[in-house]
Amino acid sequence: MPHPQPRQPGSKPFIPEIDFNVNPFMAFWEVTRACLLSCRHCRAEAQPLRHPQELSTEEGFRLMDQICEMGQPLFIITGGDPMMRPDLFTLLEYGVKKGMRVSLAPSTTPLVTREALQRVKDVGVARISFSIDGSKPETHDAFRRTPGSFRRAVEIMELILEVGLSLQVNTTVSRHNIDDLDALAELVASFKPAMWSLFFLVPTGRGQRDDVLTPQQHEDVFHWLYDLSKRVPFDVKTTAAQHYRRMIVQQHRAEAIARGGSLSPQVQLEVSGPGFNYDAVGRAPKGVNDGNGCLFVSHTGDVYPSGFLPISGGNVREQPLAQVYRQSPLFQILRDPVKLKGKCGRCEYNGICGGSRARAYAFTGDYLAAEPCCVHQPAPKPASVGG
């Protein structure tokens, strides 16, 4: 398959409309759970050594073949730490040569050298992401539970700038850094990223429920983020914060009314900064949720709706990936908003939001339960008129 045609810098990549019942927008492969870090929030509960039953190189090739057959979604190689796999660059090269939009999410360790980053660029990876969770060492290192992690993260992102890779900065938003977000935004801007992706903590793996923001804190951060996103020169994205989309629609409606107009049917659900430069990754044409536009393949081949909803719909060693995504009862239910319970089931925004199914499961044990960290109360449905 030929390589994608290069685009002019700053031009928006063409992302066709996708039927999430058929194909996902993004597919993650956790190539290993091995990692030298022991971060406070790690959903994978990563371990120092690789698992003996990890998918092999050849199984990885077959997995990528199957992903390409599903409309070539954005393909993210993650872990653990992908750098712990000796065949990583072989896997990256295979995916890029098939024309995949490949993104890499390594850990902040000494394995990430200038030479390694140059190889990542030379292979043709579309984007590389690194995490920073505080504007100063005390905040970040405490969260990552690794002294010196902040300094190393800064060094790596400076190297990324020098090498010329497209950078995504990831931040986990929790009670540990909610008061540090203003300063953190300034630090992020200094790295000139293509995107700042904020993950709102789901208490799975090592993540603790006490570290999750309250519903009102979620809402407050959403409003702050919406204002920030309109003035910074990079894209801003949220993960596990589906109710941010509801807030954006409400804000657009309020702004339209203030101008004396009405809300356009085509609402841009997430806002890019005024100087944002698009790279090959692009944006989903509509809201993604666990199992609805997203799938996650574990290091041993289990297929999950996301990395934060630990219920498997099948295994790629036993079933084709497309069959699991399209036909497993788990994935089909997650794509049906009618099945949602509680206020999410009644909500007028459940078609664009739906709440985090992963967070609902983590809090209640029911992935169809209402989003536990949303302040919105659905509008009452009009009473039916008897005939």
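A short tour of the structure in this document, coming up. (Residues numbered from 1 in each chain as written. Predicted model: local features only at pLDDT ≥ 70, side-chain atom pairs only at ≥ 80, totals over all residues. Heavy atoms only, no water.)

As for the side chain of S229
So the rule is basically this: The numbering of helices and of strands both runs from the N terminus, where a helix is a DSSP run of H or I of at least 4 residues and a strand a run of E of at least 2. Here a polar contact is taken to be a pair of N or O atoms separated by no more than 3.5 Å, where protein atoms must pair a possible hydrogen donor with a possible acceptor and residues adjacent in sequence count only if both atoms sit in side chains.
In this fold, S229 is placed in helix α7 (residues 215–229). For S229, the side chain forms a polar contact with the main-chain oxygen of Y226, separated by 2.8 Å.

Considering the nonpolar core
Put simply, the rule reads: Nonpolar cores are built from buried Ala, Val, Leu, Ile, Met, Phe, Trp, Tyr and Cys residues. Side-chain atoms within 4.5 Å join them into one set. Whether a residue is buried, partly exposed or exposed follows from its accessible area with a 1.4 Å probe, protein chains only, as a fraction of its type maximum: under 20%, in between, or over 50%, in that order. The contact criterion used throughout is that any non-hydrogen atoms of two residues lie within 4.5 Å.
With 99 residues, the main nonpolar core has L104, I132, W196, V297 and L321 as its most contacted residues. Looking at which element gives the most residues to this core, the answer is helix α5 (residues 149–163), with eight residues. Not counting chain neighbours up to four residues away, the residues in contact with V297 comprise F28, W29, E30, L55, L63, D302, V303, V316 and L321.

With respect to the packing of aromatic side chains
Note on aromatic pairs: each is described by the distance of the centres and the angle between the planes. Heads up, the rule is: Any two of the Phe, Tyr and Trp rings considered here, Trp counted by its six-membered ring, make a pair once their centres fall within 6.5 Å; the pair's planes then place it as stacked at under 30 degrees, edge-to-face at over 60, or tilted in between.
Going through the model one piece at a time under the given rule, you end up with seven aromatic pairs. Each ring, one from F61 and one from Y94, has its centre 4.2 Å from the other, and the planes form 20°; the classification is stacked. In this pair, F61 sits in helix α1 (residues 57–68) while Y94 sits in helix α2 (residues 88–97), placing the two residues 33 residues apart along the sequence. Of the residues examined, F61 reaches a relative accessible area of 14% and is grouped as buried. Residue classification places Y94 among the partly exposed residues on the basis of a relative accessible area of 25%. Each ring, one from F222 and one from Y244, has its centre 5.4 Å from the other, and the planes form 50°; the classification is tilted. Of this pair, F222 sits in helix α7 while Y244 sits in helix α8 (residues 243–258), and the two are 22 residues apart along the sequence.

Here we look at unusual backbone geometry
In this model, G79 is joined to G80 through a cis peptide bond whose omega is 25°. A positive phi is found at Q72, a non-glycine position, where the angle reads about 50°. With respect to the helices, strands and loops of the structure, Q72 is situated in the loop between α1 and β2 (74–78). Taking the relative accessible area as the measure of exposure, Q72 reaches 22% and is therefore partly exposed.

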